[in-house]
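# Summary of the model geometry
Residue strings, one per chain:
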Amino acid sequence: MSKIAIMGAMPEEIAPLLERVENVKKIEYANNSYYEASYKGKALVIAYSKIGKVFSSLTASTLLEKFACDKLLFSGVAGAINPALKIGDLIIADKLCQHDLDISIFGHDFGFVPEGSKFLETDKHLRAIAKEVAKKSSLSLIEGTIATGDQFVASNERKEFISKNFEADALEMEGASVAVVCDALDVPFFILRAISDTANDDAGVDFDEFMVSSAKISANFILDMVEKID
Ligand code: ADE
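Residues numbered from 1 in each chain as written. Predicted model: local features only at pLDDT ≥ 70, side-chain atom pairs only at ≥ 80, totals over all residues. Heavy atoms only, no water.

An α-helix turns once per 3.6 residues; consequently, residues spaced three or four apart project the same way. Looking at helix α1 (residues 11–20), one finds that the buried residues are E13, I14, P16 and L17. Buried residues of α1, viewed axially, fall in a sector of 145°; they line one side. On the buried face of α1, the contacting elements are β1 (3–8), β3 (32–39), β4 (42–48), β5 (71–80), β10 (189–197) and α6 (203–226). (Buried < 20%, exposed > 50% of the residue type's maximum accessible area, 1.4 Å probe, protein only. Helix = DSSP H or I, 4+ residues; strand = E, 2+ residues; numbered from the N terminus. Arc of directions from axis to C-beta. Contact = heavy atoms within 4.5 Å.)

Here we take up the pattern of salt bridges. The tally for this structure, following the rule as stated, stands at eleven salt bridges. Residue D109 is joined to K118 by a salt bridge in which the shortest nitrogen-to-oxygen separation is 3.4 Å. In this structure D109 comes out as partly exposed when scored by relative accessible area, which is 46%. Among the residues examined, K118 registers a relative accessible area of 19% and is labelled buried. Between E174 and R193 there is a salt bridge; the shortest N-O distance is 2.9 Å. (Salt bridge = Lys/Arg side-chain N within 4 Å of Asp/Glu carboxyl O.)

Right, let's get into the state of the cysteines. This model, assessed by the stated rule, comprises zero disulfides. The cysteine C69 is free of any disulfide, with C182 supplying the nearest cysteine sulfur at 9.9 Å. Take C97: it sits in no disulfide, and the sulfur closest to it among the cysteines is that of C182, at 16 Å. (Disulfide = S-S within 2.5 Å.)

Right, let's get into the site of the ligand. With respect to spatial proximity, 13 residues lie near the ligand, and among them G79, F152, V153, L171 and D197 are the closest. For the ligand, a nitrogen atom lies 3.3 Å from a polar atom in the backbone of G79. At a separation of 2.8 Å, a nitrogen atom of the ligand approaches a polar backbone atom of V153. Within the complex, the protein chains bury 96% of what would otherwise be the 260 Å² of accessible surface of the ligand. (Near = heavy atom within 4 Å. Polar contact = N/O pair within 3.5 Å; in protein donor to acceptor, adjacent residues only side chain to side chain. Areas by Shrake-Rupley, 256 points an atom, 1.4 Å probe, with all protein chains shown as cover.)

The next point concerns the pairing of strand β6 (residues 90–98). Most of β6 is tucked away, with seven of its nine residues classed as buried. Both β6 and strand β8 (residues 141–148) contribute to a ladder of eight bridges, which runs parallel. Across the sheet, the residue bridging to K95 is T145, located in β8. With three bridges joining them, β6 and β10 adopt antiparallel strand pairing. Residue pairing for β10: I91 is matched across the bridge by R193. In this sheet, strand β7 (residues 120–121) lies alongside β6 in antiparallel orientation, the contact comprising two bridges. From the neighbouring strand, L96 faces β7, where its bridge partner is L120. (Pairing = 2+ DSSP bridges.)

By secondary structure assignment, the location of S218 is in helix α6. At 2.7 Å, the side chain of S218 forms a polar contact with the side chain of S75. Apart from the residues lying within four places of it in its own chain, the contact partners of S218 are S75, G76, L90, L192, R193 and A194.

Next up on the list: the side chain of N32. With respect to the secondary-structure elements, N32 resides in strand β3. On the basis of relative accessibility, which here comes to 8%, the residue N32 falls in the buried class. A distance of 2.9 Å separates the side chain of N32 from the backbone oxygen of Y48, its partner in a polar contact.

Below, the discussion takes up helix α5 (residues 175–184). α5 sits mainly inside the fold: seven of its ten residues count as buried. For α5, the complete set of buried residues consists of G175, A176, S177, V178, A179, V181 and C182. Downstream of α5 by one or two residues, D186 has phi in the positive range, about 60°.

Right, here's the structure in full:
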């Protein structure tokens with residue numbers, strides 16, 4: 001049977017999942033907690049990684065290699081770049097990039113390293129399921145590019161840099177690193193984010209105000225998708 005990994009970066013991003021799933025069993029491994037659980041007959045492993053690309057790579061690798069998950073869904077919050085995205089709206093990544101990866105001094109594009117690629121694409125089938133779920137809800141969902149970096153972005157200047165160099169619609173701190181792991185291990189993956197702020201001067205205040213409610217919107221949507229995954 002298929003085993004689905006669901007990960008977030010912060011406790012608040014997985015708490016709404018743990019409230020709704022059944023048969024939860026906590027396992028401690030590699031300085032982190034993993035929760036085996038079931039939902040509507042589907043086997044799940046749920047974890048939050050801690051913030052950033054390094055911790056999220058470790059957790060994604062563990063979910064796939066130790067817990068043998070064969071699909072990975074990420075649920076969490078993001079800062080909006082695309083002005084069409086309002087707080088509480090959803091974005092699914094069609095592709096992701098690392099906005100803070102920079103060896104441009106050697107003539108490479110921002111986000112590119114030799115033997116890597118500037119963008120990684122998410123699984124089309126999982127995206128199709130998300131669009132089906134969105135049709136039956138009143139939530140606003142767009143598909144677009146998500147840029148990841150080890151920075152909480154709270155400046156229009158940095159936002160413009162990311163917009164100009166990656167044409168990204170939203171930004172966060174884990175998606176692209178999870179994508180690198182899943183791509184390397186050939187496991188289908190899906191990245192969902194609900195908007196908590198617009199990555200401008202007010203981002204810190206907005207994040208504190210909306211992170212919990214937006215994380216919940218994302219988590220509930222992910223569980224609606226789980227029902228539809230074979
Ligand atoms: N996640 C949510 N908002 C963010 C921001 N402004 N920068 C980085 N990650 C985020």
